[in-house]
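# Examining the three-dimensional arrangement
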Amino acid sequence: NNLKINIAIDGPAGAGKSTIARLVAKELSYIYVDTGSMYRAVTWYMLKYGIKPESSDEVLRHARNMVLELMPGADGQKVLVNGQDVSPLIRSREVNGMVSQYAQNEGLREHLVALQREMAARKGVVMDGRDIGTTVLPDAELKIFMTATVKERALRRFKEMGDAQGLTLEQLEKDISERDRLDEGREISPLRCAEDAIVLDTTNMDIPQVVETIVSFCRTHTNS
Ligand code: CDP
Ligand code: CDP
């Protein structure tokens, strides 16, 4: 059965979106698109060249001129800016702390959304982010809104990083809550559950359980 659908996965930071989206894509032989990495790569670039989020026209001009590429990598997806692999650089605390401010730029969002829609045009895509089910792919056949308590999400991130960034669990929880607040509160495509999305609270679910759940929703949909 070659019928392919698009799967949209949205939710707050640390809910497991990218981990799960990548594994679901692998299982189904779909293409995985991490839209957060696009906002992160743009943020990394703007910080590097000292372009402030308030200078929205400047931000947009630079974003339009940069070549942003997503590629499958060994452990997840690689993101390239003007040919440079910036994947290891976009998860820093500096980028974490600023990305939600750049992500409020309306022109920047339109630009990235257009790129994202192009990537999903031929179906067979698992895309994760904040506004995929509501704005980027409102016609996606399967929409998941993935959540977990903020405590659990902070704990997951903590385990993942060790103390590589010298952050305590409490600091991480604060950082995550602040990013959630900005993402939920912004005017343009805020983080919101689409009306037709399935809410999946993963607080007490391990990774294989979540993957299996979504894959089985997908198989029901495509009858395969
Ligand atoms: O992995 P994590 O959940 O921490 O974040 P991410 O998915 O890499 O996204 C980083 C930031 O980019 C989010 O906090 C949002 O501010 C922004 N973002 C967005 O506005 N819209 C998207 N579709 C994806 C990310
Ligand atoms: O992309 P998002 O920010 O939503 O989350 P993630 O980066 O995919 O997941 C954050 C961490 O939680 C990773 O270390 C995952 O391995 C872990 N995780 C988990 O422990 N249990 C789950 N059900 C999902 C993710």
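Residues numbered from 1 in each chain as written. Chains lettered and ligands numbered in written order. Predicted model: local features only at pLDDT ≥ 70, side-chain atom pairs only at ≥ 80, totals over all residues. Heavy atoms only, no water.

Applicable threshold: UniProt positions are given in the numbering used here, feature names are shortened, and annotations may be inferred rather than shown by experiment.
Where an unreviewed UniProt entry is consulted, the protein chain appears under the name Cytidylate kinase, with the organism given as Paenibacillus azoreducens. Of the comments in the UniProt record for the protein chain, the one headed Sequence similarities (unreviewed entry) reads "Belongs to the cytidylate kinase family. Type 1 subfamily." As stated in UniProt under Subcellular location (unreviewed entry), the record for the protein chain gives "Cytoplasm".

## Details of the site of ligand 1
Put simply, the test is: Working definition: residue near molecule or strand if any one of its non-hydrogen atoms lies within 4 Å of it. Polar contact criterion, stated in full: a pair of N or O atoms within 3.5 Å, where within protein one must be able to donate a hydrogen and the other to accept it, and residues adjacent in sequence count only if both atoms are side-chain atoms. Accessible surface area values rest on a Shrake-Rupley calculation with a 1.4 Å probe, where residue burial reflects the displayed protein chains alone. Here a helix means four or more residues in a row that DSSP labels H or I, a strand means two or more in a row labelled E, and each is numbered from the N terminus. Amino acid classes used here: Ala, Val, Leu, Ile, Met, Phe, Trp, Tyr, Cys and Pro are nonpolar; Asp, Glu, Lys and Arg are charged; the rest, including Gly, are polar.
Around ligand 1 there are 20 residues in total, and R40, R109, D131, R179 and D183 lie nearest to it. For ligand 1, an oxygen atom lies 2.6 Å from a polar atom in the side chain of D183. Notes on ligand 1: free accessible area 540 Å², of which the protein chains cover 99%. Mapped by element, the contributors of at least two residues to the shell around ligand 1 are α2 (35-48), α4 (93-102) and α8 (169-185). Here the shell around ligand 1 takes four residues from α2, the largest share from any one element. Here the shell around ligand 1 is built from residues that sort into five nonpolar, five polar and 10 charged.

## Description of the sheet that holds strand β3 (residues 68-73)
Hydrogen bonding along the main chain pairs the strands of a sheet, whether they run parallel or antiparallel. Worth spelling out the cut-off: Strand pairing is assigned whenever DSSP detects at least two bridges linking the two strands.
In spatial order, the strands read β3-β4-β5; together these three strands make up an open sheet with antiparallel pairing. Since the sheet does not close on itself, it has two edges, and those belong to β3 and β5 (84-85), each with one partner. Judged from the two bridges that link them, strand β4 (residues 76-81) and β5 form a sheet pairing that is antiparallel. In the strand pairing of β5, V81 is matched with Q84.

## A word on the packing of helix α7 (residues 150-161) against α8
Quick reminder of the rule: Fitted lines through C-alpha atoms give the axes, limited to the stretch in contact for helices. The angle between two N-to-C directions lies from 0 to 180 degrees. Angles below 35 degrees are treated as roughly parallel, those above 145 as roughly antiparallel, those between 65 and 115 as roughly perpendicular, and all remaining angles as oblique. A crossing counts as left-handed when the near helix is turned anticlockwise from the far one by less than a right angle, and as right-handed when that turn is clockwise. Here, two residues are considered to be in contact whenever any of their heavy atoms come within 4.5 Å of each other.
For the pair α7 and α8, the least separation of the axes is 9 Å and the interaxial angle reads 120°. Between α7 and α8, the angle is such that the two are oblique. Between α7 and α8 lies a crossing whose hand is right-handed. Here V150, K151, R153, A154, L155, R157, F158 and M161 of α7 lie close against α8, whose contacting residues are L169, L172, E173, I176, S177, R179 and D180. Classifying every residue of the contact of α7 with α8 gives eight nonpolar, one polar and six charged.

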